[in-house]
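Listed below are the residues making up each chain.
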Amino acid sequence: KTGIHLPANMSATLSDDDAALLNGYIDHEAAHVRFTDLDVFIDCKEGIERTILNIIEDVRIERLIGLSFPGCAKNLAKASEILDSGNPIPTTEALMSHPASAVMCDYLLLSLRRKVLANKIAAPTGHREVLVNQISGEIIDQIDEIALAGCYVDTTEKCRESVTKILELLSHNQ
């Protein structure tokens, strides 16, 4: 199923934040239209594989659209900051009760947006601490490197190859 999905919870009279979010959502979806091969997603399994692919692909396409259209980069950064301000980061203690897969996905989302897109959002320090305790610092460093590289590839298929490497690394180190 394909299509562009925008939030339905905006008021009829848009606030400045609503307008900024709407611009960011539209630019994000336009980036998918321009740079994402949806067939790769159709072939991808539901669950952690698709979630990590979506995270890395989102950062990849937002980087690419920002290179082509600098105004889009500004819109996307503003939208990211607004969304982040409405979602406080859980404490390290609270994160310990979350599923490791959820902590990993949140960690990748926050860290890649900060590193690749220079989004001014919260640092995932608690997430990293939990993952280091659950997996290891060395493995998390390797995952960081693979995910970061995936944000700089030129196709969705190559992005998916990064996800495959991450999942293989995790499966060998459980």
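Procedures and definitions
Residues numbered from 1 in each chain as written. Predicted model: local features only at pLDDT ≥ 70, side-chain atom pairs only at ≥ 80, totals over all residues. Heavy atoms only, no water. Helix = DSSP H or I, 4+ residues; strand = E, 2+ residues; numbered from the N terminus. Buried < 20%, exposed > 50% of the residue type's maximum accessible area, 1.4 Å probe, protein only. Contact = heavy atoms within 4.5 Å. Salt bridge = Lys/Arg side-chain N within 4 Å of Asp/Glu carboxyl O. Disulfide = S-S within 2.5 Å. Core = buried A, V, L, I, M, F, W, Y, C linked by side-chain atoms within 4.5 Å. Axes fitted to C-alpha atoms, helices over the stretch in contact; angles between N-to-C directions. Parallel < 35°, antiparallel > 145°, perpendicular 65-115°, else oblique. Nonpolar A, V, L, I, M, F, W, Y, C, P; charged D, E, K, R; others polar. Patch = residues over 30% accessible without salt bridge, like charges linked within 9 Å, V, L, I, M, F, W, Y side chains within 5 Å. Areas by Shrake-Rupley, 256 points an atom, 1.4 Å probe, with all protein chains shown as cover. Lys, Arg positive; Asp, Glu negative; His and termini not counted. Charge placed at Lys NZ, Arg CZ, Asp CG, Glu CD.

K.L.:
Explain the environment of I52 to me, using residue names and the numbers behind them.
P.N.:
Among the structural elements, I52 can be located in helix α3 (residues 48-68). Classification of I52 by relative accessible area gives buried; the value is 0%. Along the primary structure I52 and V163 are separated by 111 residues, whereas in three dimensions their C-alpha atoms are 6.5 Å apart. Here I52 is in contact with C105, L108, V163, I166 and L167, once residues within four sequence places are set aside.

K.L.:
Go over the pattern of salt bridges, please, and point to the residues and values.
P.N.:
Counted according to the given criterion, the structure contains eight salt bridges. Note that E57 and R60 form a salt bridge whose closest N and O atoms lie 2.7 Å from each other. Taken together, the positions of E57 and R60, both in helix α3 and three residues apart, correspond to about one turn of that helix. In this structure E57 comes out as buried when scored by relative accessible area, which is 0%. The salt bridge partner of D144 is R128, with a shortest N-O separation of 3.2 Å. Here R128 lies in helix α7 (residues 125-134) and D144 lies in helix α8 (residues 137-150), a separation of 16 residues in the sequence. Judged by relative accessible area, D144 falls into the buried class, the value being 11%.

K.L.:
Help me get a handle on the state of the cysteines, residues and values and all.
P.N.:
Applying the stated criterion to the full structure yields zero disulfides. Cysteine C44 shares no disulfide, and the gap to the nearest cysteine sulfur, in C159, comes to 9.8 Å. A disulfide-free cysteine, C159 has its sulfur positioned 6.8 Å from the sulfur of C151, the nearest such atom.

K.L.:
Help me get a handle on the nonpolar core, residues and values and all.
P.N.:
Core analysis: the biggest nonpolar cluster contains 31 residues, and I56, L108, L112, I143 and I166 have the highest contact counts within it. When residues of this core are traced back to their parent elements, those giving at least two are α2 (38-43), α3, α6 (100-117), α7, α8 and α9 (156-172). A total of eight residues in this core trace back to one element, the largest contributor, which is α6. Look past the residues within four positions of L108 in its chain and what remains in contact with it is I52, I55, R113, I143 and A147. Judged by nonpolar contacts, the second largest core, of five residues, contains A31, I61, C72 and L76.

K.L.:
Before we move on, could you go through the packing of α7 against α8 and cite the residues and values that matter?
P.N.:
Close contact between α7 and α8 brings their axes to 7 Å; oriented N to C, the two are set at 125°. One element, α7, and the other, α8, form an angle in the oblique class. Between α7, through R128, L131 and V132, and α8, the contact on the second element is made entirely by G137, I140, D141 and D144. For the contact of α7 with α8, the class distribution of residues is three nonpolar, one polar and three charged.

K.L.:
Please give an account of the environment of I139 that cites residues and values.
P.N.:
Residue placement: I139 occurs in helix α8. In this structure, the C-alpha to C-alpha distance between I139 and H32, residues 107 residues apart in sequence, is 30 Å. Once you skip the residues sitting within four places of it in the chain, I139 turns out to touch L169 and N173.

K.L.:
I'd like a description of unusual backbone geometry, backed by residues and values.
P.N.:
With a phi close to 55°, A118 is a non-glycine residue in the positive phi region. Locating A118 in the fold gives a position in the loop between α6 and α7. On the basis of relative accessibility, which here comes to 55%, the residue A118 falls in the exposed class.

K.L.:
Lay out a negative patch on the surface with the relevant residues and their values.
P.N.:
Residues D37, D39, D43, E157 and E161 make up a contiguous surface patch of negative charge. When contributions to the negative patch are tallied by element, the ones reaching two or more residues are α2 and α9. Its place among the elements puts D39 in helix α2. Overall, D39 belongs to the exposed group, its relative accessible area being 52%.

Keep in mind that these numbers describe shape and distance, not what the molecule does.
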